[in-house]
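Coordinates in review
Here is how the chains run, residue by residue.
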Amino acid sequence: MYPRKPTATPLLYILLFSCLIMFGRALMPSFLAGRNYSKRISTITTCTSWRYAQSLTLQFSTCNDAESDSLNTTPSNDYSQFKKTRKKKKMKGDKGSTKDKRSEFIGKMKAVDNGRWSTLYAPGGEDGFSFLAKSGLPDRSKPFTVLGIESSCDDTGAAVLRSDGVILGEALASQSEIHEEFGGVVPGLAKTAHEEKIDSVINEALANAGLSSVDDVDAIGVTVGPGLEICLRVGCNKARELAMKYKKPFVGIHHLEAHILMARLPFDETAGFITGGSDNIHESKRSIEFPFLALLVSGGHCQLMKCLGVGRYEIIGGTIDDSLGEAFDKTARLLGLPVGGGGGPAVEKLAKEGDPKAVQLPIPLQKRKDFDFSYAGLKTAVRMKAEKIAAERGLDSVNDLSREDRANIASSFQNVAIKHIEQRLKRTMDLLESEEEGIRSLAVVGGVAANQELRSRLEVICSTRPEPWQMMVPPPRLCTDQGAMAAWAAIERIIVGSSDIPDDQEVFARFPFQSKA
Ligand code: KG4
Ligand code: ZN
């Protein structure tokens, strides 16, 4: 027997020990991921900008933006990876600019989606015109009715519309009370509330329309994206089930298109909604004709778009971080206002009491002469100003500010937020006026379009152009999410001969328009 070297055994133990540590570390993340799973998922699905993801808390959501989706699936957008790189840089003492940090995380992306996403909305096919009636169409030689269902965020909505734009019956279950205590939408709770309400909301809309069954409508439209995936699925599955059961043509609705098309809902200046029609009733005149410019300002989006036809949209500019609705919601939270169903209305109300010039705030993107928006910096500026005022008053926190101070902050924020819109809109109008297409009409749509200050200031812009523009804004209650938008968008799609197949209809958290018309 050969004598064993005395050093061999400790070395072997060290080697074995190191292997065990490495093995353990390799297993650890999956274990931790399991523990954090529900928290992480809710954070990821709720965030509308990468800033939300940073906090990794059960934060609020303004729904639609599908960066949630990209965070989940796009390696370059992996937040944990981003955090690691930042940590390394911090250790090296390299702070980096905000711009660097942003591009580090999301890549050198312009605000506009340039078709980088696999699921694009292009119902008219490559050429934009080849619409297909995949599940058939109702008889379009006479007026037809559509049941619309909306569940993309925190409102369960249903409505029955006739093809001339008459709203026959509506129902809406708002979840504002459910989410109020969380300061914003909690996706899991939203999904459960949709599930609980969807049947009664549909039945109520049918009853209000004087119908007794889904069999009495001629087609069904449902929002399929963008939005909170688990919420979209509730509405989509219900609509699929009904369409298959009653053998009705089915249309999967793009939520942003539905917002835009609401501006085309025939609307009588004096009588309100049109209540009658001709024989050729579904061809009744639209409130705004294609092509037109749309300013979409909602909780998840802030975009300027050329609208060329149903299913054909060209994005001119978009937000590089937060949307206008988010900025309103965050300001509402900062000022201790109700935020359950979106903080915008509360900010608008308080702003009426304040002085819009009382608090100096920077207008975003002054150096960028383009068509994009940014509201993240303004949000921070509002918070810093509020904290400064509180400190000057010898108060512990912003919560202790007087109503007068808070009204001044709300008013100044709203003023600057709208100034940013005004500047971008004027530049876009200059651009369109120089083009041959001759676009001279503007649709202002999405939840924030309900804001009276925004409406009246944009109206002034439109009417004071050298060649005045026509402006169309849906009535305030039709600016925010509801069922009529899904029904009306379905009617517009059906009229151009387009429907989808209910059997395998998917939902899309992220659902960008094809950027080229
Ligand atoms: O279109 P919407 O109902 O949902 C999305 O598709 O995102 O928009 C909701 C957003 C919320 O951020 C809400 O605060 C905002 O619209 N909003 C308003 C007003 N009404 C709703 N913002 C400002 N002023 C309003 N009056
Ligand atoms: Zn919406």
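The text that follows walks through the structure, step by step, so that each part is easy to find. (Residues numbered from 1 in each chain as written. Chains lettered and ligands numbered in written order. Predicted model: local features only at pLDDT ≥ 70, side-chain atom pairs only at ≥ 80, totals over all residues. Heavy atoms only, no water.)

1. Re the overall build of the protein
- When its secondary structure is counted, the protein shows 16 helices and twelve strands.
- In the protein, the proportion of contacts linking residues at least 24 apart, taken out of those at least 6 apart, comes to 75%.
- Roughly 23800 Å² of accessible area belongs to the protein as shown, and the carbon and sulfur atoms make up 55% of that amount. (Helix = DSSP H or I, 4+ residues; strand = E, 2+ residues; numbered from the N terminus. Contact = heavy atoms within 4.5 Å. Areas by Shrake-Rupley, 256 points an atom, 1.4 Å probe, with all protein chains shown as cover.)

2. A short note on the packing of aromatic side chains
- Within this structure, the stated rule accounts for six aromatic pairs.
- Ring geometry for Tyr121 versus Phe511: centroids 5.4 Å apart, planes at 75°, classification edge-to-face. Highlighted residues: Tyr121 in the loop between helix H5 (98-106) and strand E1 (145-150) and Phe511 in the segment after helix H16 (483-495), separated in sequence by 390 residues. For the residue pair Tyr121 and Phe511, the accessibility class agrees, reading buried in each case.
- Each member of the aromatic cluster is reached from another via a ring pair, and the members are Tyr121, Tyr313, Phe508, Phe511 and Phe513. (Phe/Tyr/Trp six-rings, centres within 6.5 Å; stacked < 30°, edge-to-face > 60°. Buried < 20%, exposed > 50% of the residue type's maximum accessible area, 1.4 Å probe, protein only.)

3. Quick word on the pattern of salt bridges
- Counted under the stated rule, the structure contains 29 salt bridges.
- The salt bridge involving Lys142 is made with Asp139; its shortest N-O contact spans 3.6 Å.
- The salt bridge involving Asp370 is made with Arg424; its shortest N-O contact spans 2.7 Å. A residue pair is termed long-range when its members are at least 10 positions apart, and Asp370 in the loop between helix H11 (344-351) and helix H12 (376-392) and Arg424 in helix H13 (residues 403-433) qualify at 54 residues. Judged on exposure class, the residue Asp370 and its partner Arg424 are both buried.
- A network of salt bridges, in which partner residues are shared, links Arg264, Arg286, Glu289 and Glu492. (Salt bridge = Lys/Arg side-chain N within 4 Å of Asp/Glu carboxyl O.)

4. Concerning the coordination of the zinc ion (ligand 2)
- All of the protein donors around the zinc ion (ligand 2) are His255 (NE2), His259 (NE2) and Asp481 (OD); their distances to the metal are 2.0 to 2.1 Å.
- For the zinc ion (ligand 2), the single-chain donor residues occur in sequence as H-x3-H-x221-D. In this pair, His255 and His259 are both assigned in helix H9 (residues 255-261), four residues apart and thus about one turn of the helix distant.
- His255 gets classed as buried once you look at its relative accessible area, which sits at 0%. (Donors = N, O, S within 2.8 Å, 3.2 Å for Na, K, Ca; no water.)

5. Topic: the pairing of strand E2 (residues 155-162)
- Across the eight residues that make up E2, a large majority, seven, are buried.
- Across six bridges, the pairing between E1 and E2 is antiparallel. When the sheet's bridge partners are listed, Val146 is paired in E2 with Leu161.
- Counting the residues in the hairpin turn of E1 and E2 gives four residues.
- Relative to strand E3 (residues 167-174), E2 runs antiparallel, the two sharing seven bridges. From the neighbouring strand, Leu161 faces E3, where its bridge partner is Ile167.
- Connecting E2 to the antiparallel partner E3 that follows it, the hairpin turn spans four residues, and Gly165 within it adopts a positive phi of roughly 100°. (Pairing = 2+ DSSP bridges.)

6. Considering the packing of helix H7 (residues 187-208) against helix H8 (residues 229-246)
- The geometry of H7 relative to H8 is characterised by a closest axis approach of 8 Å and an angle of 25° between their N-to-C directions. With respect to H8, the element H7 is oriented roughly parallel. The element H7 and its partner H8 pack so that their crossing is right-handed. In this structure, H7 contributes Pro187, Gly188, Ala190, Lys191, His194, Glu195, Ile198, Asp199 and Ile202 to the contact, and H8 contributes Ile230, Cys231, Val234, Gly235, Lys238 and Leu242. (Axes fitted to C-alpha atoms, helices over the stretch in contact; angles between N-to-C directions. Parallel < 35°, antiparallel > 145°, perpendicular 65-115°, else oblique. Left-handed = near helix turned anticlockwise from the far one by under 90°.)

7. Some details on H13
- In a regular helix each residue adds 1.5 Å, so 31 residues correspond to 45 Å; H13 covers 44 Å between its end C-alpha atoms and thus fits that length.
- Across the 31 residues that make up H13, a large majority, 22, are buried. (Expected span 1.5 Å × (residues − 1).)

8. Notes on the environment of Leu361
- Relative to the helices and strands, Leu361 resides in the loop between H11 and H12.
- On a C-alpha basis, the gap between Leu361 and Ala381 in space is 6.6 Å, while along the polypeptide they are 20 residues apart.
- With residues up to four places along the chain from it excluded, the contact list for Leu361 reads Leu378, Ala381, Val382, Lys385, Ser412, Phe413 and Val416.

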